[in-house]
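Below, each chain spelled out in residue letters.
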Amino acid sequence: MSSRTRRGVPATPRVISPSPTPSELNESSLDGSYSGPLTRSAARRRQTGSVTPHRPIQETLEEDDDEDLAFRRARTRPRSPIKARRIRSLATPKADATPSQGPIGHGALDAANGAAKSSDGLLAPPSLANGASTGWNWREFSRSPSPLGLIPIHRHFQTLIHKHEVPRKALHVSIGFFVYWLYITGTQTSAVTPYLMAALVPIASVDFLRHKYPSLNRFYVRCLGALMRETEFSGWNGVVFYLLGAWIALRFFPKDVSVVAVMLLSWCDTAASTFGRLYGRYTPRIRRGKSLAGSLAAFVVGVATAGWFWGILAPRTGPFPGDDQHPFMFQGVLRLPTIVANLLGFDDSAVLRGPVALGVMSLWSGLVAAGSEVVDLFGWDDNLTIPVLSGVGIWGFLKIFG
């Protein structure tokens, strides 16, 4: 027992820390004692006397590297059947539309409209002019897309009124049948233009005033919203350009050319809009808001309209009182100019008559209608450009070959 009591308490063993301090590292390096495992990076820092870690090595592939390409890791390819173009479009972030103060001071409505997104097949809002304080940018403005949220009736009838524009198209088409009724009743074009101007002046005046007074604009939209596009909430109504284009065509072109031009406006524009919205996504885009499907529809309807008017309607109706002062420009005959015929060696018998001349005239009218529908002339509304350009194209063709 006495020997056990004499035995002292053993000393506390020394514990070697796995991460020694710098002073212990220096002491251990001097006496050569063991100080635990040492990594290569730690040994490199000890040799250089710096505790700052070195920058990581930049692993870059040089184009002239002689390394065997087979040992390089190949980049995996996605197994999804989605096209890379669609993936890039989905990955690209879209800039939010910046709300702009309209000419009537409805900044809140424009901001809410710009934030709206179409996810159920509705039309997307057009982009506003960059840096513009009022109105739309006509160069970037497509008349086909229309935002949603400015006109109340468009929110309640999104498919019927907003997407397919059934009331607007019905009014558009009815003008062509009204022109047909005026023609078969013997009404001359000179008797129609005063009524068009009498309707154009007050309609354009009210349309101008509603942009100055927001309360008038709200009442205007509440009454005629079903016939408007929401882009016309802060812009001019399409009826103004429709009346102006019809007045120019009936005032300055011959009777048959002006009647056909207004019919092309009424029916070709509607066909292009309808088929372009239905099948435009499956055909190439010609320009912003214009597809090949819509242009083909306008061409087919234009050919049918011209062939029906000059081949069926005009021969079976008339003559009417006053036709001697308003003669037809197309008399069923097409011929080359004398200078061109002499250069090509044709005699006077090289003339197209009957169905052949009618077919050529119909094809040209269809081309003019499709071209005037798709062209962008100074950003003007197509309700103005279609009758004017169609009349100019048909008149010029008959002036040369008629």
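Novice: I'm lost on the packing of helix α13 (residues 292-316) against helix α15 (residues 354-374) in this one. Help?
Specialist: The axes of two packed helices give the description: the angle between them and the distance between them. Across the interface, α13 lies against α15 with an axial gap of 7 Å and an inter-helix angle of 140°. Taken together, the axes of α13 and α15 lie oblique to each other. Judged by the sense of rotation from one axis to the other, the crossing of α13 with α15 is right-handed. Touching S295, A298, F299, G302, V303, A306, G307, W310 and G311 of α13 are L358, M361, S362, L363, S365, G366, L367, A369, A370, E373 and V374, all from α15. Grouping the constituent residues of the contact of α13 with α15 by class yields 12 nonpolar, 7 polar and 1 charged.

Novice: What is the right way to read the packing of helix α12 (residues 255-279) against α15 from this model?
Specialist: Interaxial distance between α12 and α15 falls to 10 Å at its minimum, and their mutual angle equals 65°. Every pair of crossing elements has a handedness; the one defined by α12 and α15 is right-handed. Residues L264, C268, D269 and A272 of α12 form the contact with α15, whose participating residues are S365, A369 and E373. Looking at the contact of α12 with α15 residue by residue, the class counts come to 4 nonpolar, 1 polar and 2 charged.

Novice: What is the right way to read helix α16 (residues 382-401) from this model?
Specialist: Three or four residues apart is the spacing at which side chains of an α-helix point the same way, because the helix has 3.6 residues per turn. In this model α16 runs 27 Å from its N-terminal to its C-terminal C-alpha over 20 residues, within 8% of the 28 Å that 1.5 Å per residue would give. Near the N-terminus of α16, the side chain that reaches the backbone nitrogen of N383, with its oxygen 2.8 Å away, is that of D381.

Novice: Explanation requested: the nonpolar core in the structure shown.
Specialist: A general feature of soluble globular proteins is that nonpolar side chains tend to end up buried together. The biggest cluster of nonpolar side chains holds 40 residues, and the ones touching the most others in it are L196, F309, W310, F330, M361, I394 and L398. Counting residues per element, the ones that place at least two in this core are α8 (166-184), α9 (193-210), α11 (238-252), α12, α13, α15 and α16. Ranked by residues supplied to this core, first place goes to α12 with 10 residues. Discounting residues that sit within four places of it in the chain, F309 has contacts with Y183, D256, V259, V260, A314, P315 and F328. Of all hydrophobic cores here, the second largest spans 6 residues; its members include L150, I151, V221 and M228.

Novice: Explain the pattern of salt bridges here, please?
Specialist: Close approach of charged atoms allows side chains of opposite charge to pair. Under the defined criterion, the tally for this structure stands at 8 salt bridges. We note a salt bridge from R168 to E232, for which the minimum N-O separation is 2.9 Å. Of this pair, R168 sits in helix α8 while E232 sits in the loop between α10 (214-224) and α11, placing them 64 residues apart in sequence. A relative accessible area of 12% places R168 in the buried class. On the accessibility criterion, E232 (5% relative accessible area) is buried. K290 serves as the salt-bridge partner of D382, at 3.9 Å between the closest nitrogen and oxygen. Of this pair, D382 sits in helix α16 while K290 sits in strand β2 (residues 290-291), and the two are 92 residues apart along the sequence. Just as D382 is buried, K290 falls in that class too.

Novice: Help me out: how do you make sense of unusual backbone geometry in this one?
Specialist: With a phi angle near 55°, F378 is a residue other than glycine that sits in the positive phi range. Position of F378 among the secondary structure elements: in the loop between α15 and α16. For F378, a relative accessible area of 57% puts it in the exposed group.

Novice: Looking at this structure, how should I read the packing of aromatic side chains?
Specialist: The geometry of an aromatic ring pair comes down to the distance between the two centres and the angle between the two planes. Under the definition given, this model contains 14 aromatic pairs. Centroid distance Y180 to W308: 5.6 Å. Interplanar angle 45°. Geometry classified as tilted. With Y180 in helix α8 and W308 in helix α13, this residue pair connects regions lying 128 residues apart in the sequence. Of the residues examined, Y180 reaches a relative accessible area of 28% and is grouped as partly exposed.

Novice: Please clarify how the environment of G402 should be interpreted in this entry.
Specialist: If you trace the backbone, G402 turns up in the segment after α16. G402 sits in the partly exposed class, given a relative accessible area of 43%. Spatially, the C-alpha atom of G402 lies 4.9 Å from that of L334, the residues being 68 residues apart in sequence. Setting aside residues no more than four positions away along its own chain, G402 makes contact with V333, L334, R335 and F397.

About the thresholds
Residues numbered from 1 in each chain as written. Predicted model: local features only at pLDDT ≥ 70, side-chain atom pairs only at ≥ 80, totals over all residues. Heavy atoms only, no water. Axes fitted to C-alpha atoms, helices over the stretch in contact; angles between N-to-C directions. Helix = DSSP H or I, 4+ residues; strand = E, 2+ residues; numbered from the N terminus. Parallel < 35°, antiparallel > 145°, perpendicular 65-115°, else oblique. Left-handed = near helix turned anticlockwise from the far one by under 90°. Contact = heavy atoms within 4.5 Å. Nonpolar A, V, L, I, M, F, W, Y, C, P; charged D, E, K, R; others polar. Expected span 1.5 Å × (residues − 1). Polar contact = N/O pair within 3.5 Å; in protein donor to acceptor, adjacent residues only side chain to side chain. Core = buried A, V, L, I, M, F, W, Y, C linked by side-chain atoms within 4.5 Å. Buried < 20%, exposed > 50% of the residue type's maximum accessible area, 1.4 Å probe, protein only. Salt bridge = Lys/Arg side-chain N within 4 Å of Asp/Glu carboxyl O. Phe/Tyr/Trp six-rings, centres within 6.5 Å; stacked < 30°, edge-to-face > 60°.

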